[in-house]
Amino acid sequence: MRKIKSKVLLLMATILLSSIFIFSGCGGNFGGSTGGGNYNGGYTPSHTHSYDKEVVADQYLCVPVSCTTPAYYYKSCSCGKKGEYTFSYGEPLGHNYVDKPGLEPTCIDSGYTEYKECSRCEHIIDQIYIAPLWHEYVDGVCTRCDHVKTTSTTDLKYFNFTLIDNKGTPLEHDDEYEISLKNEYINELYNEVPEEIVIPSRINYEYNMGTVTSIADNGFASYRIKDITIPDSVKSIGMNAFIHAGLNATITVPSGVNLCYRSFYGSQFKSVILNDGIEEIPNECFYNCTNLSNVTMPDSVKYIGDKAFAGCKNLKNITNPSRADKIITLSNNLSRVAKNAFSDSNPELYDEKDGVLYVDTWAVGVKDKTTLEKVEIKDGTVGLSDELFYINNNDYLQETNLKCSIKSVYLPSSVKYIGYSAFADCERLIRVDGGIGLLYFSDYAFENCTSLTSIVLYEKVKSLGSYTFYGCKQLTSLSIMGDELMFGGESFAYCPISSISVNPNHVQFCVENNCLIDYGNGTIVIGNRTGIIPDACEHVLTCENGMRSIAKIGEYAFSGRVTFSSINIPESIFIIDEYAFADCKNLETVVLPTSTGDNKYRINEGAFYKCSKLKNINFPDNLYEIGYQAFAYSGFTSIDLTNICHQKNMYMAGQVFAYCENLEEVTITLEQRYLPALTFNECSKLTKINYLGTIEQWNKITKYNQWDYRTADYIVYCSDGNLTKEEVNA
């Protein structure tokens with residue numbers, strides 16, 4: 001008996017101790033009374049989490065320490081809950097270099113000196129490349145490797161020619177050919193490999209005269225060439241055309257040539273001259289060209305792609321003929337530099353100021369995005385590269401959730417271009433100052449900057465990319481100072497803008513009822529927060545019917561608005577464009593006009609996507625089109641489609657009512673000709689379909705693939721009987 005009693009006491013003590021741990025933390029307590037402890041079945045939070053603790057412990061580790069970066073830990077609350085933002089701790093480990101042997105050069109292969117390599121991360125220093133020795137001929141035979149001397153050649157036996165498809169257009173006896181080196185001459189063991197190649201511009205091939213206009217993909221891949229001449233007739237150089245080719249030579253790319261992805265990847269050319277007329281240096285074009293030291297870049301270049309010069313560890317000079325006074329000079333007409341364009345290249349290329357890395361007049365990198373809070377871009381900077389402050393956690397080998405810490409940025413008047421996703425996901429960014437010289441914003445430039453509250457677009461801004469300010473959920477104020485800037489509604493998708501000011505002399509924009517109107521085509525570009533939709537604007541151009549009316553609600557115009565529960569669409573409007581009211585979470589009722597005259601009514605893709613409370617809508621008699629997922633994820637419990645199929649050629653896309661989880665009943669007219677694929681996909685409560693015709697007429701309706709996928713076991717009620725779901729799909 002004593003043993004049983006002691007066990008009971010021990011159990012009660014354990015329960016009491018557990019309750020102390022459960023109810024004394026920061027998560028909150030149960031019950032509404034602290035005195036009597038009366039349990040009311042509810043949960044009352046005891047405090048709001050404040051993630052201001054910097055605790056160094058394994059459970060908070062985000063990124064381990066490395067040779068070049070400190071460890072990063074998540075900040076936490078006093079209760080132990082992990083936050084989203086990080087702090088750095090300690091110092092980088094530093095490299096642990098060990099000596100590595102060098103490699104002697106040969107006649108055709110470059111070598112390198114002894115060097116040091118980090119035992120942890122394989123970073124290399126002090127490695128100097130040594131040029132090939134080249135052949136020393138005596139009586140036509142190399143004294144070192146016995147290579148038989150050949151001369152510079154245009155001999156056609158060295159080349160393959162492929163007729164380019166001219167899409168049926170005759171060239172009047174002058175075909176265009178693509179050129180590549182014959183496979184049997186790529187192998188170094190063949191003694192006939194010439195050190196110097198002259199590509200012919202004109203050929204007499206298979207009894208046809210032709211012009212060599214392109215170098216094929218892999219055309220000269222891995223070919224150990226000392227010198228090559230490319231004729232001006234060549235207008236394109238294919239992918240991997242010179243991959244791992246070249247030996248310490250200079251290659252001149254003719255004017256106007258279109259380069260491709262990895263055209264010169266890993267090649268060993270020492271110098272590259274790009275002639276005027278070349279506009280793009282594509283992704284990875286010169287990636288890992290470790291022997292490359294000099295590049296001549298003309299002013300015609302407008303774009304430098306991702307990793308275009310990454311890994312060019314010996315690149316020391318980028319010269320522009322128009323600015324010969326500087327060692328590093330990019331094109332004056334450069335308008336976009338992709339991320340990592342110069343990553344892991346020679347450090348001598350960079351100039352650093354306040355943690356931002358610059359190559360000539362472009363900001364191309366940031367040393368530590370997780371700690372930098374305030375940035376003043378260097379005066380004279382022309383552009384910000386793609387993803388400059390964006391942290392793409394997919395770039396890390398291990399799973400991370402690092403966040404950019406930047407809170408404010410100043411842009412001097414010299415800055416003209418903001419790159420793709422330059423500030424994307426900078427959730428702490430509160431203000432952007434300066435920027436009076438800006439011309440262009442690339443796509444997603446400020447996507448999901450959720451603390452940004454206002455934006456001023458100054459006079460010189462010419463263009464906003466797609467989704468420039470997408471998801472800036474606190475952006476309420478917009479000022480447009482210039483008179484020519486144009487953009488679509490997707491540029492400010494999911495931005496709850498409540499205050500808009502526009503230059504009164506703007507060529508096409510005006511404000512009506514706090515909506516931004518494109519009065520050239522009668523479109524609401526940015527909607528208001530009240531849901532009161534204007535039907536006319538004093539600036540709107542006169543339509544054919546003589547009305548100064550607004551005809552369309554544009555893409556994403558009212559997306560994400562949660563401040564209204566009903567809308568009344570004016571009779572002048574007959575197009576509701578893509579995602580116009582997407583994610584209007586509190587929208588319950590939509591009143592559409594019963595008729596819009598001769599205009600065909602269109603509800604385009606995703607127009608009311610994820611309007612989770614939407615239950616009431618009427619369809620106009622002249623409804624002509626309902627787009628893909630137009631009402632997906634809506635809150636309908638019943639839908640009456642009897643008014644939407646009177647138009648003979650009325651079009652309904654797939655998944656129109658997909659994922660309407662509360663939909664129980666649908667009424668369909670006998671004029672319904674077809675049910676698109678996945679029309680009621682995942683409508684798991686759909687049990688009743690009222691059809692206003694006979695079973696025979698129901699069976700004649702074309703039913704596309706999985707139109708009723710994952711619905712409930714519904715019954716179709718026809719005028720002469722009923723059908724079960726199993727019978728419908730038999």
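The model shown is predicted, which means the values in this text are computed figures rather than measured ones.

Caption draft 1: Expanded view of the overall build of the chain. Looking only at helices and strands, one finds three helices and 57 strands in the chain. Of all 730 residues assigned to the chain, the portion counted as buried reaches 47%. The contacts of the chain with a sequence gap of at least 6 include a subset with a gap of at least 24, amounting to 45%.

Caption draft 2: The confidence of the model for the chain, seen in detail. Looking at the chain as a whole, the pLDDT averages 84, with 84% of positions reaching at least 70. Confidence over residues 167-173 falls short of pLDDT 50; this stretch has three contacts with residues more than four positions distant or in other chains. Of the regions scoring below 50 in pLDDT, residues 542-547 engages in four contacts with residues more than four places distant in sequence or in other chains.

Caption draft 3: Examining the sheet that holds strand β49 (residues 623-626) more closely. Read from one edge to the other, the open sheet built from eight strands follows the order β40-β41-β42-β43-β45-β47-β49-β51, with strand pairing classed as mixed. Each having just a single partner strand, β40 (509-512) and β51 (651-652) make up the two edges of the open sheet. As defined by bridge partners, strand β47 (residues 601-603) adjoins β49 across three bridges and the pair is classed as parallel. Note on β49: the bridge partner recorded for Y601 is L623.

Caption draft 4: View of the pairing of strand β52 (residues 665-668). Examined bridge by bridge, strand β50 (residues 638-640) and β52 share three bridges and lie parallel to one another. Directly across from I639, in β52, lies its bridge partner V666.

Caption draft 5: View of the environment of D306. As for its placement among the helices and strands, D306 is situated in the loop between β24 (303-304) and β25 (317-319). Between the C-alpha atoms of D306 and Y287, which are 19 residues apart in sequence, the distance is 9.3 Å.

Caption draft 6: Examining the sheet that holds β52 more closely. Pairing within the open sheet is mixed, and its five strands lie in the order β50-β52-β54-β56-β57. Each edge of the open sheet is held by one strand with a lone partner, namely β50 and β57 (721-724). This sheet shows a mean twist of 15 degrees between the axes of neighbouring strands, independent of strand direction. Across four bridges, β52 lies against strand β54 (residues 688-691) in parallel orientation. Residue pairing for β54: I668 is matched across the bridge by Y691.

Caption draft 7: Representation of unusual backbone geometry. With a phi angle near 65 degrees, E122 is a residue other than glycine that sits in the positive phi range. As for its position among the elements, E122 is in the loop between β8 (115-118) and β9 (124-125). Under the relative-accessibility criterion, E122 is labelled exposed at 58%. A positive phi angle, close to 55 degrees, is found at Q655, a residue other than glycine. Take Q655: it is sitting in the loop between β51 and β52. Given the relative accessible area of 10%, Q655 is considered buried.

Caption draft 8: Focus on the side chain of N346. Mapping N346 onto the fold places it in the loop between β26 (336-337) and β27 (351-353). In contact with N346, other than residues within four places in its own chain, are C312, K313, N314, L315 and K316.

Caption draft 9: Spotlight on the nonpolar core. Within the largest apolar cluster, 63 residues are counted, with the highest numbers of intra-cluster contacts made by I553, I569, F581, I603, F608, F631 and W698. Mapped onto this core, the elements with two or more residues apiece are β41 (515-518), β45 (575-576), β47, β49, β52, β53 (674-675), β54 and β56 (715-718). Contacts of I553, omitting those with residues within four sequence positions, involve I524, I533, F558, I569, I573, I575, I576, D577, A580 and F581. Judged by nonpolar contacts, the second largest core, of 57 residues, contains I215, F220, I304 and L439.

Caption draft 10: The environment of S634, seen in detail. Here S634 lies in the loop between β49 and β50. S634 sits in the buried class, given a relative accessible area of 4%. It is 8.8 Å that separates the C-alpha atoms of S634 and L663, two residues lying 29 residues apart in sequence. Those residues within four positions of S634 in sequence are excluded, and the remaining contacts are F608, C611, S612, L614, C660 and E661. Reaching out from S634, the side chain makes a polar contact with the backbone oxygen of F631 at a distance of 2.8 Å.

Caption draft 11: Representation of the packing of aromatic side chains within the structure. Inspection of the entire model under this criterion finds 45 aromatic pairs. Relative to F581, the ring of F558 lies with its centre 5.0 Å away and its plane at 10 degrees, an arrangement referred to as stacked. Of this pair, F558 sits in the loop between β43 (552-553) and β44 (566-568) while F581 sits in the loop between β45 and β46 (589-591), placing them 23 residues apart in sequence. Since its relative accessible area comes to 0%, F581 is described here as buried. Relative to W698, the ring of Y691 has its centre 5.4 Å away and its plane inclined at 70 degrees; by these criteria the two rings are edge-to-face. Both residues of the pair, Y691 and W698, belong to the buried class. The positively charged end of K610 is found above the aromatic ring belonging to Y633, 5.3 Å away from the centroid. One cation-aromatic arrangement involves K688 over Y717; the distance from NZ or CZ to the ring centre is 5.6 Å.

What counts and what doesn't
- Residues numbered from 1 in each chain as written.
- Predicted model: local features only at pLDDT ≥ 70, side-chain atom pairs only at ≥ 80, totals over all residues.
- Heavy atoms only, no water.
- Helix = DSSP H or I, 4+ residues; strand = E, 2+ residues; numbered from the N terminus.
- Buried < 20%, exposed > 50% of the residue type's maximum accessible area, 1.4 Å probe, protein only.
- Contact = heavy atoms within 4.5 Å.
- pLDDT = per-residue confidence, 0-100.
- Pairing = 2+ DSSP bridges.
- Axes fitted to C-alpha atoms, helices over the stretch in contact; angles between N-to-C directions.
- Core = buried A, V, L, I, M, F, W, Y, C linked by side-chain atoms within 4.5 Å.
- Polar contact = N/O pair within 3.5 Å; in protein donor to acceptor, adjacent residues only side chain to side chain.
- Phe/Tyr/Trp six-rings, centres within 6.5 Å; stacked < 30°, edge-to-face > 60°.
- Lys NZ or Arg CZ within 6 Å of the ring centre and 35° of its normal.

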